[in-house]
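Secondary and tertiary structure notes
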Amino acid sequence: MTQPASPEASSPSSSSSTGSPLTGAQQIVDTLHEPLLVLDRDLRARQVNPAFHRAFGTTDEDPIGRPLSDLGEGHFDHPALRDALETLLDEREPFEQVELEDASAERGRRVFQVNGRLLDANEKTSERILLAINDITEQRTLEETLRQRARELRRSNEDLEQFAYAASHDLQEPLRMVSSYLQLLDRRYEEDLDETAQEFIDYAVDGAERMKALINGLLQYSRVGRKEGKFEEVDLEEVLDEILSDLGRRVQELGATVERDSLPRVYGNRDQLRRLLQNLIENALTYHGEDPPSIAVSEIESGEGVHLVVRDEGPGIPSEGKEKIFQIFKQLDPHGTGREGSGMGLALCKKIANRHDGQIWVESDPGEGSAFHVTLHLSPPIHT
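Parameters and conventions
- Residues numbered from 1 in each chain as written.
- Predicted model: local features only at pLDDT ≥ 70, side-chain atom pairs only at ≥ 80, totals over all residues.
- Heavy atoms only, no water.
- Helix = DSSP H or I, 4+ residues; strand = E, 2+ residues; numbered from the N terminus.
- Buried < 20%, exposed > 50% of the residue type's maximum accessible area, 1.4 Å probe, protein only.
- Contact = heavy atoms within 4.5 Å.
- Expected span 1.5 Å × (residues − 1).
- Polar contact = N/O pair within 3.5 Å; in protein donor to acceptor, adjacent residues only side chain to side chain.
- Phe/Tyr/Trp six-rings, centres within 6.5 Å; stacked < 30°, edge-to-face > 60°.
- Pairing = 2+ DSSP bridges.
- Axes fitted to C-alpha atoms, helices over the stretch in contact; angles between N-to-C directions.
- pLDDT = per-residue confidence, 0-100.

1. As for the overall build of the protein
- Within the protein, the secondary structure is distributed over 9 helices and 12 strands.
- Per-residue burial over the protein gives 38% buried out of 384 residues.
- Partitioning the contacts of the protein with sequence separation of at least 6, the portion at a separation of at least 24 is 63%.

Rendered as structure tokens:
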């Protein structure tokens, strides 16, 4: 923007530091920590406050009458700010958060945000422009540090998930061999083994089966972290039909009842959402009281997204266990029933909910059953 000479350029105008009496308004301005700068229509400095001097190392008379482009080691000689000022003068609309970045040998990299507006004037030729300047260098440095740490954390998590996937996948074959040879030993030498030897083999086979369940759970858990599968519209009604069909025999054997609402469509990964709902229903079938399991799958009215609830009438969960049950390898056996799981199911549910930018939590009291709440999205979440 051209900056023609002004008759006023050679003599200081009203400055907070010219020695003239200060008005009440000017006294208030001088106490502000935000650097303020008043320009004329030729974009020459007419007034600054002490905060401007502190921020840019100027003296009382130094800025007055100088072009904006000369101030602050050239910080303000920036195309974005020139464009904003031209629009302000032409259209009389204030602007906000025009970001300027500069680097100097003395002060290093600095980042500023500038807000601008016209001050009231009787005549157009006497218009003044007020610029409020905010040094956001520290904020931007912190944001970049946080972004860098987030990138490092993502890389670390990806490495851990890749290791968990590889380890769990590679462990399956030797575990199958151990289990197979134990069973072969049991069949071939059954008549020669005493009761104690048979008990040892049973313990070993049981341990191998539990290890297999842990490995399979870890494999599923690591796959969620590796973001397998696409996101799409998912009909939860169809998903629940499939789950109940697969669990039909178990439901019948336990004499369980399952009540259900009509469920909506959501946006997500179909396989993972099915795994989440199935794990919650299987938990309700596993951890029940003396009576046959009673399960209800419903939707709660919500202003945003979808809020599902899976309720049971089981033994409930003590308050100290409500957070632990979503941690990896923490088993849900609140009353010592002996029906131990792999400790992966609810951890997997939490990871799936997080992957969908949703939440999962439980409301429960001992002897009162449990209600597992899950929130999901009707449209694509932020992270897919």
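2. A few points about helix H8 (residues 270-286)
- Spanning 17 residues, H8 covers 24 Å between terminal C-alpha atoms, matching the ideal 24 Å at 1.5 Å per step.
- Counting buried residues in H8 gives 12 out of 17 residues, a clear majority hidden from the surface.
- The complete set of buried residues in H8 reads Gln 272, Leu 273, Arg 275, Leu 276, Leu 277, Gln 278, Asn 279, Leu 280, Ile 281, Asn 283, Ala 284 and Leu 285.
- Capping the start of H8 is the job of one residue whose side-chain oxygen sits 3.2 Å from the backbone nitrogen of Asp 271: Asn 269.

3. Some thoughts on the packing of aromatic side chains
- All told, the structure shown has 3 aromatic pairs when counted by the stated rule.
- Aromatic side chains Phe 326 and Phe 372 sit 6.3 Å apart centroid to centroid with 80° between the ring planes, which places their arrangement in the edge-to-face category. A residue pair is termed long-range when its members are at least 10 positions apart, and Phe 326 in the loop between strand E10 (306-312) and helix H9 (345-355) and Phe 372 in strand E12 (residues 370-376) qualify at 46 residues. With respect to class, Phe 326 is no different from Phe 372; both count as buried.

4. Digging into the sheet that holds E10
- Here we have 5 strands laid out as an open sheet, ordered E7-E9-E10-E12-E11, and mixed in their pairing. Because the sheet does not close on itself, it has two edges, and the strands there are strand E7 (257-260) and strand E11 (359-364). Each strand axis lies, on average, 15° off the axis of its neighbour in the sheet, ignoring direction.
- By the bridge criterion, 4 bridges tie E7 to strand E9 (residues 294-300) in an arrangement that is parallel. Bridging across to E9, Glu 259 finds its partner in Ala 296.
- Sitting on the sheet, helix H6 (residues 236-246) touches E7, E9, E10 and E12, and the angle it makes with E7 is about 175°.
- In the packing of H8 onto the sheet, the strands contacted are E9, E10, E11 and E12, and the crossing angle to E10 comes to about 25°.

5. Points about the confidence of the model for the protein
- Here the protein averages 79 in pLDDT, while 82% of its residues score no lower than 70.
- No element of the protein has a lower mean pLDDT than helix H1 (residues 24-31), which averages 63, and none a higher one than H6, which averages 94.
- Note that pLDDT drops below 50 for residues 1-22; the model gives that stretch 50 contacts with residues more than four away or on any other chain.
- Note that pLDDT drops below 50 for residues 334-339; the model gives that stretch 14 contacts with residues more than four away or on any other chain.

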